[in-house]
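What follows is the residue order along each chain.
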Amino acid sequence: MKRFRLLLVGLLVFGLIFALTGCGGGDEAGEAPDAGEAEKLVIKAGTDAAYAPMEYKNEETGELEGFDVDLIKAIGEAVGLEVSVKHVDWDGLFPALESGDINCIISSMTITDERKEIVDFSEPYFEATQIIAVKEGSNIKGLKDLVGKKVGVQQNTTGHYAVEKIEGMKDEDIKKFPFTPDALINLTNGLVDAVVADAPVVLNYIKHNPDAGIVTVTDDFEKEYYGIAVKKGNKELLDKINEGLAKVKEDGTYDELYKKYFE
Ligand code: ARG
């Protein structure tokens with residue numbers, strides 16, 4: 001059960017040693033600026049862009065799009081910081097932050113106490129909950145009905161953790177996928193009986209795959225809040241991000257984006 005989290009911690013420790021010893025083969029990128037010449041502050045965001053409508057790749061243009069992508073760009077604009085956004089696989093996000101490949105994560109990442117020990121989060125920018133996706137006609141009506149069923153999750157997400165917590169749930173029945181759409185495709189094909197994932201993404205999948213025969217079931221899931229993560233202690237960037245977030249909420253940009261993606 002704790003294997004994945006252990007792996008994550010292992011990766012982080014490895015990343016840290018790597019960064020501290022500088023054994024990157026003389027690669028200067030991402031190192032502290034030399035005295036005198038201060039490095040220009042920019043936003044280098046990472047996101048697991050297989051999460052429409054929050055973050056996804058436009059297959060025609062190859063560009064990353066989505067609520068989070070637009071939001072971080074708007075935040076950058078509001079505080080005068082250049083923004084780049086790149087795809088990083090979900091499990092690679094913390095290591096990429098640690099290595100300096102990116103300096104923030106905007107990836108529908110729920111603020112949790114465990115994660116707060118690893119990174120610092122911005123003010124919450126989005127409220128979401130988990131939802132259970134099942135095939136039409138399924139007899140699954142809530143979380144406890146998942147015991148004995150095959151349940152798909154994106155590994156190391158809050159959906160995964162919610163399923164792990166169900167009493168009597170066997171780890172071998174939790175099918176862990178690297179990307180949420182993989183879990184939903186497996187549900188569509190009948191290879192798993194249910195998927196537990198963030199509601200906005202499940203609802204978007206159903207909207208775009210009306211023939212998949214998927215419906216949703218709720219339970220008393222806790223509210224979750226997404227935050228933008230920075231490396232622990234990177235107050236300079238975090239302050240800017242919070243400042244920008246407050247500005248875009250105040251000037252109506254946030255509401256416009258919300259309408260664009262959810263209405
Ligand atoms: N909100 C969930 C979590 O923080 C899932 C987020 C997954 N994000 C993504 N882009 N795949 O664990």
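Rules used throughout
Residues numbered from 1 in each chain as written. Predicted model: local features only at pLDDT ≥ 70, side-chain atom pairs only at ≥ 80, totals over all residues. Heavy atoms only, no water. Helix = DSSP H or I, 4+ residues; strand = E, 2+ residues; numbered from the N terminus. Buried < 20%, exposed > 50% of the residue type's maximum accessible area, 1.4 Å probe, protein only. Contact = heavy atoms within 4.5 Å. Areas by Shrake-Rupley, 256 points an atom, 1.4 Å probe, with all protein chains shown as cover. Pairing = 2+ DSSP bridges. Axes fitted to C-alpha atoms, helices over the stretch in contact; angles between N-to-C directions. 1 Å grid on protein atoms, 1.4 Å probe; cavity = no way out; pocket = protein on both sides within 12 Å on 5 of 7 lines; lining within 4 Å. Points joined across faces, edges and corners; volume = space filled by probe spheres on them. Nonpolar A, V, L, I, M, F, W, Y, C, P; charged D, E, K, R; others polar. Near = heavy atom within 4 Å. Polar contact = N/O pair within 3.5 Å; in protein donor to acceptor, adjacent residues only side chain to side chain. Right-handed = clockwise from strand over helix to strand, strands pointing away. Salt bridge = Lys/Arg side-chain N within 4 Å of Asp/Glu carboxyl O.

> Account for the overall build of the protein chain, naming residues and giving values.
Regarding its fold elements, the protein chain presents 9 helices and 15 strands. Across the 263 residues in the protein chain, those meeting the buried criterion constitute 46%. In the protein chain, once contacts between residues fewer than 6 apart in sequence are set aside, the share between residues at least 24 apart is 71%. Summed over all atoms, the accessible surface of the protein chain reaches about 13600 Å², with 52% contributed by carbon and sulfur.

> Hey, could you go over the sheet that holds strand β13 (residues 214-217) for me, with residue numbers and the actual values?
Reading across from one edge, β11-β10-β12-β9-β13 is the order of the 5 strands in this open sheet, with mixed pairing throughout. Sheet topology places β11 (174-177) and β13 at the edges, where each strand pairs with a single neighbour. Strand-to-strand twist of the sheet, defined as the mean angle between neighbouring strand axes without regard to direction, takes the value 30 degrees. When strand β9 (residues 130-135) meets strand β12 (residues 194-198), the two strands line up antiparallel, connected through 5 bridges. By the bridge assignment for β12, A133 is matched with V195.

> Summarise empty space enclosed by the protein; cite the residues concerned and give the values.
Space left empty within the atom packing is revealed by a probe, the size of a water molecule, rolled over the atoms. Taken as a whole and assessed by the stated rule, the structure comprises 1 cavity of 30 Å³ or more. Roughly 80 Å³ of volume is contained in the largest cavity. Grouping the constituent residues of the lining of the largest cavity by class yields 2 nonpolar, 6 polar and 3 charged.

> So what's going on with the site of the ligand? Residues and values would help.
Lining the immediate environment of the ligand, one finds 14 residues, of which D48, S108, T110, R115 and D198 sit closest. In the environment of the ligand, a nitrogen atom lies 2.8 Å from a nitrogen or oxygen atom belonging to the backbone of S107. Within the backbone of S108, a nitrogen or oxygen atom sits 2.8 Å from a nitrogen atom of the ligand. Coverage of the ligand by the protein chains reaches 100% of its 350 Å² of free accessible surface. Class assignment for the residues of the shell around the ligand results in 4 nonpolar, 6 polar and 4 charged.

> If you had to explain the pairing of β11 to someone new, which residues and values would you point to?
When strand β10 (residues 151-154) meets β11, the two strands line up parallel, connected through 4 bridges. Each residue of the ladder has a partner; that of Q154, found in β11, is F177. Tracing the backbone out of β10, into helix α5 (residues 158-164) and back to the parallel element β11 gives a crossover that is right-handed.

> Report on the pattern of salt bridges, specifying residues and quantitative values.
Pairs can form between side chains of opposite charge once their charged atoms are near each other. By the definition in use, this model includes 8 salt bridges. For K40, the salt bridge is made with E82, and the minimal N-O distance between the two is 3.1 Å. You can see K40 sitting in the loop between α1 (3-21) and β1 (43-47) and its partner E82 sitting in the loop between α2 (67-79) and β5 (83-87), a full 42 residues away along the chain. By relative accessible area, which is 57% here, K40 ends up exposed. A salt bridge links K260 to D70; the nearest nitrogen and oxygen atoms lie 2.7 Å apart. Within this pair, whereas K260 is found in helix α9 (residues 253-262), its partner D70 is found in helix α2, the two being separated by 190 residues in sequence.

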